[in-house]
Amino acid sequence: MLEITADLTLSLIRDQFPEWGDLPVRPVERQGWDNRTFRLGDEMVVRLPSAEGYMAGVEKEDRCLPLLSPHLPVPVPVPVGVGRPAAGYPFPWSVRRWLPGATVEAAVDVERTVLARDLGDFLVALRKAPTERGPVGGRHSCFRGCHPSAYGDEVEHALDVLQDSVDVGACQAVWAAALTSAWPSAPVWFHGDVAVGNLLTTAGRLSAVIDFGTCGIGDPACDLVMAWTYFTGEERQVFRQAAGLADDVWRRARGWALWKSLVTMAGLPDPELKGFHGRVLTEVLNDPIVR
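Residues numbered from 1 in each chain as written. Predicted model: local features only at pLDDT ≥ 70, side-chain atom pairs only at ≥ 80, totals over all residues. Heavy atoms only, no water.

Chemist: Even after reading the chapter, I still don't get the pairing of strand β2 (residues 35-40), so can you show me in this structure?
Modeler: As a general feature of sheets, a regular strand has side chains that alternate between the two faces. Counting buried positions along β2 yields 6 of 6 residues, so the element is predominantly enclosed. Covered by surrounding structure in β2 are N35, T37 and R39 together with R36, F38 and L40, the residues of both alternating faces. Bridge analysis of strand β1 (residues 25-27) against β2 gives 3 bridges, and the strand direction is antiparallel. Each residue of the ladder has a partner; that of R26, found in β2, is R39. Where β2 meets strand β3 (residues 44-49), 6 bridges bridge the pair, whose relative direction is antiparallel. Along β3, the bridge assignment pairs F38 with V46. (Buried < 20%, exposed > 50% of the residue type's maximum accessible area, 1.4 Å probe, protein only. Helix = DSSP H or I, 4+ residues; strand = E, 2+ residues; numbered from the N terminus. Pairing = 2+ DSSP bridges.)

Chemist: What am I meant to see in the side chain of H191 here?
Modeler: With respect to the secondary-structure elements, H191 resides in the loop between β7 (188-190) and β8 (199-202). At a separation of 2.9 Å, a polar atom in the side chain of H191 contacts the main-chain carbonyl oxygen of I210. In contact with H191, other than residues within four places in its own chain, are L126, N198, V209, I210, D211, F212, T214, C215 and D223. (Polar contact = N/O pair within 3.5 Å; in protein donor to acceptor, adjacent residues only side chain to side chain. Contact = heavy atoms within 4.5 Å.)

Chemist: I tried to follow the pattern of salt bridges on my own but got confused; where do I start?
Modeler: Close approach of charged atoms allows side chains of opposite charge to pair. In total, this model carries 11 salt bridges according to the counting rule given. With a shortest N-O distance of 2.7 Å, D219 and R252 are connected by a salt bridge. Taken as a pair, D219 in the loop between β10 (216-218) and α6 (226-229) and R252 in helix α8 (residues 247-267) lie far apart in primary sequence, 33 residues in all. As far as burial versus exposure is concerned, D219 and R252 are alike and both buried. With its nearest N and O atoms 2.6 Å apart, the salt bridge here joins E283 to R236. A residue pair is termed long-range when its members are at least 10 positions apart, and E283 in helix α9 (residues 271-286) and R236 in helix α7 (residues 233-243) qualify at 47 residues. (Salt bridge = Lys/Arg side-chain N within 4 Å of Asp/Glu carboxyl O.)

Chemist: Honestly, the side chain of D62 in this entry has me stumped. Any pointers?
Modeler: Inspection of the secondary structure puts D62 in helix α2 (residues 55-68). Looking at D62, its side chain comes within polar contact range of the side chain of R96, at 3.1 Å. Once residues within four sequence positions are removed from consideration, D62 is found in contact with P79, V82, W93, S94 and R96.

Chemist: Is there a simple way to explain the sheet that holds β8 in this structure?
Modeler: Pairing within the open sheet is antiparallel, and its 3 strands lie in the order β6-β8-β9. Both edges of this open sheet fall to β6 (102-103) and β9 (205-209), since each of them pairs with a single strand only. Bridge analysis of β8 against β9 gives 4 bridges, and the strand direction is antiparallel. Residue pairing across strands places T202 opposite R205, the latter belonging to β9.

Chemist: What is the right way to read the packing of aromatic side chains from this model?
Modeler: We describe a pair of aromatic rings using the distance from one ring centre to the other and the angle between the two ring planes. Evaluation of the coordinates by the stated rule reveals 11 aromatic pairs. Consider the rings of F231 and F239, whose centres lie 5.2 Å apart with planes at 40 degrees: the pair is tilted. Take F231 and F239: they sit in the same class, and that class is buried. Taken together, W228, Y230, F231, F239 and W250 form an aromatic cluster joined through their ring pairs. One Lys or Arg, R39, reaches over the ring of W98 and ends 3.7 Å from the middle of that ring. (Phe/Tyr/Trp six-rings, centres within 6.5 Å; stacked < 30°, edge-to-face > 60°. Lys NZ or Arg CZ within 6 Å of the ring centre and 35° of its normal.)

Chemist: Would you explain the packing of helix α5 (residues 168-178) against α8 in this entry?
Modeler: The description of two packed helices rests on the angle between their axes and on the distance between the axes. In contact at an axis separation of 7 Å, α5 and α8 are set at 135 degrees when each is read in the N-to-C sense. Taken together, the axes of α5 and α8 lie oblique to each other. Crossing of α5 against α8: the hand is left-handed. Facing C171, V174, W175, A177 and A178 of α5, the residues of α8 in contact are R251, R252, R254, G255, L258, W259 and L262. (Axes fitted to C-alpha atoms, helices over the stretch in contact; angles between N-to-C directions. Parallel < 35°, antiparallel > 145°, perpendicular 65-115°, else oblique. Left-handed = near helix turned anticlockwise from the far one by under 90°.)

This is the structure in structure tokens:
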């Protein structure tokens, strides 16, 4: 894999954005797999795809986030500069404003019920954003925004692998229910990866949403999986009420959560991670609010 260092990043900045060339560059503590991220001074970050396959996601963010930002209740990482391949780095890259806060994954002061309401409100606003220039869900979004049946073969394979460790009949029933409906309206915006690592909090509240690399327009059901991967009990009820979507959307959302848990469990040797996704699967199968 391409080695992306602070020195390389500083070289790119000095070459293409000399007005920022005297600012310090340092890696952020938590790095993603798709991109490498470096702080640029105190108010900006540099985001660089780590491989060619991730380049399209960053380019899509650079194109779409300026369209979405004015319509959203919390900040998103809008680019302030778009860089070109140079100085030993072969992909387009971008400079964004630094968004303060800790991820939900790392924060210790999250007000979970408040977060459930905040996130639901965010998703409502996202769905209302104008879609004229939005990319229709497909391969670029890992089929988020499409019908969950896109992953039917993977679900069947995972159930074959896990037949001795999961309730196959219950899983098949949830999956079948997810396939009985489709989004009936015009496509709306979806994020595509609403997860604890992509939500920032400050003082326990949702303060920013990041990583729109799988965003697009289509069916918003894929954005509801945190109902089972993070929220429980009353929190899930609050999230569902705030998100404001019909029962059939929630059935498809539960199908997305089922798919993710099954395929992850089927492919993971790590018992700790398998245990987490096993617990998520239990939440999916036993959820009384989706029928």
